[in-house]
Structure formats: C-alpha cells, structure tokens
Amino acid sequence: DLAGEGKKHPADFALWKAAKPGEPAWDSPWGNGRPGWHIECSAMAMKYLGETLDFHGGGDDLKFPHHENELAQSESATGKPFAKYWLHNGLTRVKTKAAGGDWKSADMHESAGNAISVRQLIENHGPGVFRYFLLTTHYRSPIDYREEVLQAARKGLATFARLFERVERLQGEPLADNAPEMDQLASVLLESELGSFVKAVLSYKMRFLESMDDDFNTAGATAVLHELASEVNSFIEQNNVERDKVTEMVQAASAATMTVRKLGGVLGMFRREAPRAESGTRDSQRLNQVMDLLMSMRAEARKDKNFAMADRIRDGLSAIGVTLEDRAGETGWRWD
C-alpha cells in the first residue's frame, strides 16, 4: 500500500495502488485500486510492441526508478530482454535568478514555471534554427537554453545559407534537389587536378557518417558539416572560381555543396520553409526595389567618400536583420 506496509522490503516499488477518494479504481484481489505507474508502461508496451522492444527511450530523469522498474518486472514476467537499446535524452536547463541575486541553472519544467513551449520557440526563431539548436548538442547531454545560444545557432545555420547562395551565383541557377553529389562525380574528378579536393570532401563525408554511427552524435556531425563548408569556401577562393568560372571547378564546388546539403538532410536540416503569409510576390518585388535603391545610395556614398553615410545604411539594415555582402563587382543582400 501507499505507506509501504505489506512489502517484503520498503524499497520495493508498488505494483498496485490503493484507491484514494475520487480516483479511478478497479476491483481486485487486493481491493479497489489501480495499477502502479511502472506496471502500466510494461503492460502497454508488451501489448502493442511485443515482449522485447527494439528501442526504449525517454528523458534522463526516467532512468531511475521508472525504467529500471519497468525492466525488472517485464523481464521477470517473460524471461526475455525487455529492450535491445535504451536511449535517454538530456534535459533542458534554463538559468534563473536566485533570491540572493546569483544566477543558477535549473531543469526546465512546467511545474517550475520556467518552461517555454516548442510552438513559441518556433514562432520566435523558425523551425530551422530550433532544429539546428537541438542538433548541436548530443541527445544524451543537457541543453542549456538561453536566447544568446539560439542567436548563435542562427548565425551557425547562416553559414550554410551563404554557401548555398554563393554556389548558386557561380552556376547561375538554384541548386536542384537531384544535382550530383561528389560521390557521383568522383570517378571523373579524382583523376584530374581536383583529386585532392575530391578526396577531402569524401573524407569529410566519412567522418560525418562515423559521428552518426557513434551513438547518434549529431553535435559531432554538424561540426563536420561546418568544416566541409569551410573547405568548399576555401576551394572557391584559392582557385578564383568566382572570377574565372572554369566549368570543371564550378562542377566540383557544386557537387561538394550538394554533399553538404544531402548530409544535412539526414538530420532534417536545410528544409525549405514555407514563406510567411504576408510575403506575397508583389511585396517581394517591392522589397527588392527598396533594397536596390538603398544599395545604390550606399554605392554612391562610398564613391563620394562619404563613408559615414555608407556605414549608416549598412548598420541600419543590419539592425533589422539584413546583411549586405560586397562581392566582386556587385553588392548582394540576405536576411539573417
């Protein structure tokens, strides 16, 4: 019972809970009551998934007592392994101010009043940033939630957006979903002067896969993607690909970038997010016209050596989330 009376050992967990007034209850040889929390999960799991589960997961806080009790009672009942693999995710922590004024880290929980809903995070930052934020921490490790961390995630994700835009400018068209990856061009390019670059890209791909094989190490995998993106950017710069636009080098840069995109797709990254309702074609055209005007005004200011005005335009746009990029012979812009 709830007081522990009748147990062979006070540490034994309850299989049957005596009913309190107003609670659901069933008649049983032990009186009116309901199943204990742990036995409920064992019963449901075995009814719908069988006596041995392929995977059993949950928060790190459920290891003990819940999962250990599930395992003990299930394997005692069947004589078979209850789960082949256990996956426990770290908890989300958030910094709160203590009574003395010091900041301390606490687990995020609705009952503690410090919870933030996933819907709210997605509305504030977008699904891509939120997904990237989760991926950059190993699933077993706790996640420290702070707005600064999400802003850093936004900047980290923008690294890839800039690379994709750069390669699309190089080839004069968007990166198609069916564009070849480096694997598909390797047999041709390995024998050319680009062989060392091809080998480097394929080596990064292998490291990415090794990280994923290492207990779903998404943090390590995203770090490899950043290294690969840096490798592609260095290749473009060192070989003056933007200036010369040699077909073979453009193909190699494109194939390497598609490798980045496809590997990121394994993690659900780089999905095309639906445009916001207010961003219709007409509004987009007007926005482009306004940006063209501002960039031409900035170009004139720089030409007249009025650098204070040029910087004011650039900094003002940056403050509202627009970054100007000075490229060879032109200036482009993008949302951060």
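Let me begin by describing the structure that accompanies this report. (Residues numbered from 1 in each chain as written. Predicted model: local features only at pLDDT ≥ 70, side-chain atom pairs only at ≥ 80, totals over all residues. Heavy atoms only, no water.)

### Describing the packing of aromatic side chains
Then comes step 1: Counting across every chain of the model gives eight aromatic pairs.
Then comes step 2: Centroid distance phenylalanine 82 to tryptophan 86: 6.2 Å. Interplanar angle 50°. Geometry classified as tilted.
Then comes step 3: Overall, the relative accessible area of 0% leaves phenylalanine 82 in the buried class.
Then comes step 4: Judged by its relative accessible area of 21%, tryptophan 86 is partly exposed. (Phe/Tyr/Trp six-rings, centres within 6.5 Å; stacked < 30°, edge-to-face > 60°. Buried < 20%, exposed > 50% of the residue type's maximum accessible area, 1.4 Å probe, protein only.)

### A closer look at the packing of helix α3 (residues 118-125) against helix α5 (residues 147-171)
Then comes step 1: At their nearest, the axes of α3 and α5 sit 12 Å apart, and the two run at 50° to each other. Here α3 is positioned oblique relative to α5, judged by the angle of their axes. Read as a crossing pair, α3 and α5 show a hand that is right-handed. When α3 is examined against α5, the residues Leu121, Asn124 and His125 are found in contact with a partner set consisting of Glu147, Leu150, Gln151 and Arg154.
Then comes step 2: The residue makeup of the contact of α3 with α5, split by class, is two nonpolar, three polar and two charged. (Axes fitted to C-alpha atoms, helices over the stretch in contact; angles between N-to-C directions. Helix = DSSP H or I, 4+ residues; strand = E, 2+ residues; numbered from the N terminus. Parallel < 35°, antiparallel > 145°, perpendicular 65-115°, else oblique. Left-handed = near helix turned anticlockwise from the far one by under 90°. Contact = heavy atoms within 4.5 Å. Nonpolar A, V, L, I, M, F, W, Y, C, P; charged D, E, K, R; others polar.)

### With respect to the nonpolar core
Then comes step 1: Within the largest apolar cluster, 50 residues are counted, with the highest numbers of intra-cluster contacts made by Phe160, Met182, Phe197, Phe208, Phe235, Ile236 and Met269.
Then comes step 2: When contributions to this core are tallied by element, the ones reaching two or more residues are α4 (127-135), β7 (143-145), α5, α6 (182-189), α7 (195-213), α8 (218-238) and α10 (247-266).
Then comes step 3: Here this core gets nine residues from one element, more than from any other, and that element is α10.
Then comes step 4: One finds Met291, Ile313, Val322 and Leu324 within the second-largest nonpolar core, a separate group that totals six residues. (Core = buried A, V, L, I, M, F, W, Y, C linked by side-chain atoms within 4.5 Å.)

### Some remarks on the pairing of strand β4 (residues 83-89)
Then comes step 1: Pairing analysis gives six bridges linking strand β3 (residues 53-59) to β4, with the strands arranged parallel. Along β4, the bridge assignment pairs phenylalanine 55 with tyrosine 85.
Then comes step 2: In this fold, β3 hands off to helix α2 (residues 63-78), which returns the chain to β4; that crossover is right-handed. (Pairing = 2+ DSSP bridges. Right-handed = clockwise from strand over helix to strand, strands pointing away.)

### What about the environment of serine 254?
Then comes step 1: By the secondary structure assignment, serine 254 is in helix α10.
Then comes step 2: Among the residues examined, serine 254 registers a relative accessible area of 9% and is labelled buried.
Then comes step 3: Along the chain, serine 254 and alanine 158 lie 96 residues apart, while their C-alpha atoms are 18 Å from each other.
Then comes step 4: If we ignore the near neighbours within four places in the chain, the residues touching serine 254 are Val167, Gln171 and Leu175.
Then comes step 5: At 3.1 Å, the side chain of serine 254 forms a polar contact with the side chain of glutamine 171. (Polar contact = N/O pair within 3.5 Å; in protein donor to acceptor, adjacent residues only side chain to side chain.)

### Observations concerning the side chain of asparagine 69
Then comes step 1: As for its placement among the helices and strands, asparagine 69 is situated in helix α2.
Then comes step 2: When sequence neighbours within four positions are dropped, the list of residues in contact with asparagine 69 reads Phe13 and His38.

### Structural notes on a nonpolar patch on the surface
Then comes step 1: Nonpolar side chains collect at one region of the surface, where Met44, Tyr48 and Leu49 lie side by side and expose about 390 Å² of accessible area between them.
Then comes step 2: The topology assignment puts leucine 49 in helix α1 (residues 37-49).
Then comes step 3: Using a relative accessible area of 58% as the deciding quantity, one classes leucine 49 as exposed. (Patch = residues over 30% accessible without salt bridge, like charges linked within 9 Å, V, L, I, M, F, W, Y side chains within 5 Å. Areas by Shrake-Rupley, 256 points an atom, 1.4 Å probe, with all protein chains shown as cover. Salt bridge = Lys/Arg side-chain N within 4 Å of Asp/Glu carboxyl O.)

### Observations regarding unusual backbone geometry
Then comes step 1: Each neighbour pair has its own omega, and for phenylalanine 64 with proline 65 the value is 5°, a cis peptide bond.
Then comes step 2: Along the chain, proline 65 turns up in helix α2.
Then comes step 3: Although it is not a glycine, aspartate 215 sits at a positive phi angle of roughly 60°.
Then comes step 4: Structurally, aspartate 215 can be placed in the loop between α7 and α8.
Then comes step 5: Of note in the backbone geometry, asparagine 240 takes a positive phi value of approximately 50° without being a glycine.

### Here's the deal with the packing of α6 against α7
A pair of packed helices is characterised by two quantities: the angle between their axes and the separation of those axes.
Then comes step 1: Interaxial distance between α6 and α7 falls to 10 Å at its minimum, and their mutual angle equals 150°. By the angle class used here, α6 and α7 are roughly antiparallel. Here the hand of the crossing between α6 and α7 comes out left-handed. In this structure, α6 contributes Met182, Asp183, Ala186 and Leu189 to the contact, and α7 contributes Gly195, Phe197, Val198, Val201, Leu202 and Lys205.

### Digging into the pattern of salt bridges
Then comes step 1: Under the counting rule described, the total for this entry stands at 18 salt bridges.
Then comes step 2: A salt bridge links glutamate 23 to arginine 34; the nearest nitrogen and oxygen atoms lie 3.6 Å apart. Pair noted here: glutamate 23 is in the loop between β1 (16-18) and β2 (33-35) and arginine 34 is in strand β2, with a separation of 11 residues, a long-range link.
Then comes step 3: For arginine 34, a relative accessible area of 25% translates into the label partly exposed.
Then comes step 4: Two residues, aspartate 244 and arginine 243, come together in a salt bridge whose shortest N-O distance is 2.8 Å.
Then comes step 5: The exposure class of aspartate 244 is partly exposed, given its relative accessible area of 41%.

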